[in-house]
Amino acid sequence: MQMHNPTHPGEVLKEYMGISEVTAFAGRICVDRTTLSRLLNGHTGISATMALKLEPALNTSAEMWMNMQATHDFWTARQKVRSSTAKRPRYAVLVA
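Draft legend 1. Focus on the nonpolar core. Within the largest apolar cluster, 18 residues are counted, with the highest numbers of intra-cluster contacts made by Leu13, Phe25, Leu36, Leu54 and Trp65. Put simply, the parts of the chain that give this core at least two residues each are helix H1 (9-17), helix H2 (22-28), helix H3 (33-40), helix H4 (48-58) and helix H5 (62-87). Residue contacts for Leu54: discarding those within four places in its chain leaves Leu13, Phe25, Ile29, Ile46, Asn59, Thr60 and Trp65.

Shown next, in the form of structure tokens:
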């Protein structure tokens, strides 16, 4: 079943972080504050390395984060393909 506009993993990460401050949480998982901020604001996705850092910090699985990112990326790509396909003129195929 196809999901409609899946949530960016950064939004989900905000929920997992709760009231933790970005700077404190970034230090906890050993990443730069701006890197975490870009993820939380949907400007970048979760890499395999980031997923592995989130795993012990949040008691989640890296696979969960990677699957969430893949689902979001696939949905976004599908929308772009549909949009570009809709803009192309359709030509009739002539059979001789």
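Draft legend 2. Looking closely at H4. Residues of H4 that are buried include every one of Met50, Ala51, Leu54, Ala57 and Leu58, and no others. Axial view of H4: buried residues confined to an arc of 130 degrees, hence all on one face. With respect to the buried face of H4, the exposed residues turned more than 90 degrees away are Thr49, Leu52 and Pro56. After H4 finishes, the residue Asn59 shows a positive phi value of roughly 55 degrees.

Draft legend 3. Seen up close, the side chain of His72. With respect to the helices, strands and loops of the structure, His72 is situated in helix H5. In this structure, His72 is in contact with Pro6, Thr7, His8 and Pro9, ignoring residues within four places of it in sequence.

Draft legend 4. Summary view of unusual backbone geometry. The backbone phi angle of Asn5 is positive, close to 45 degrees, even though this residue is not glycine. Mapped onto the secondary structure, Asn5 falls in the segment before H1. With relative accessibility at 44%, the residue Asn5 sits in the partly exposed group. One non-glycine residue, Cys30, adopts positive backbone phi at about 60 degrees. Topologically, Cys30 is positioned in the loop between H2 and H3. Residue Cys30 is classed as exposed on the basis of its relative accessible area of 61%.

Reading the values: the criteria
Position numbers for residues count from 1 along each chain, tracking the sequence in the order it is written. Reporting in this predicted model follows two pLDDT cut-offs: at least 70 for local features of residues, and 80 or more for side-chain atom pairs to be given and counted; totals over whole chains, interfaces and linings ignore these cut-offs and use all residues. Here the side-chain values reflect all heavy atoms present in the structure, with hydrogen atoms and water set aside. Residues grouped as a nonpolar core are buried Ala, Val, Leu, Ile, Met, Phe, Trp, Tyr and Cys residues, joined through side-chain atoms within 4.5 Å. In this scheme, a residue with accessible area under 20% of its type's maximum is buried, one over 50% is exposed, and one in between is partly exposed, where area comes from a 1.4 Å probe on protein chains only. Secondary structure is summarised from DSSP: a helix means a run of H or I of at least four residues, a strand means a run of E of at least two, and numbering begins at the N terminus for each. Here a residue-residue contact requires only that any non-hydrogen atoms of the pair lie within 4.5 Å. This arc describes the spread of directions from the helix axis toward the C-beta atoms.

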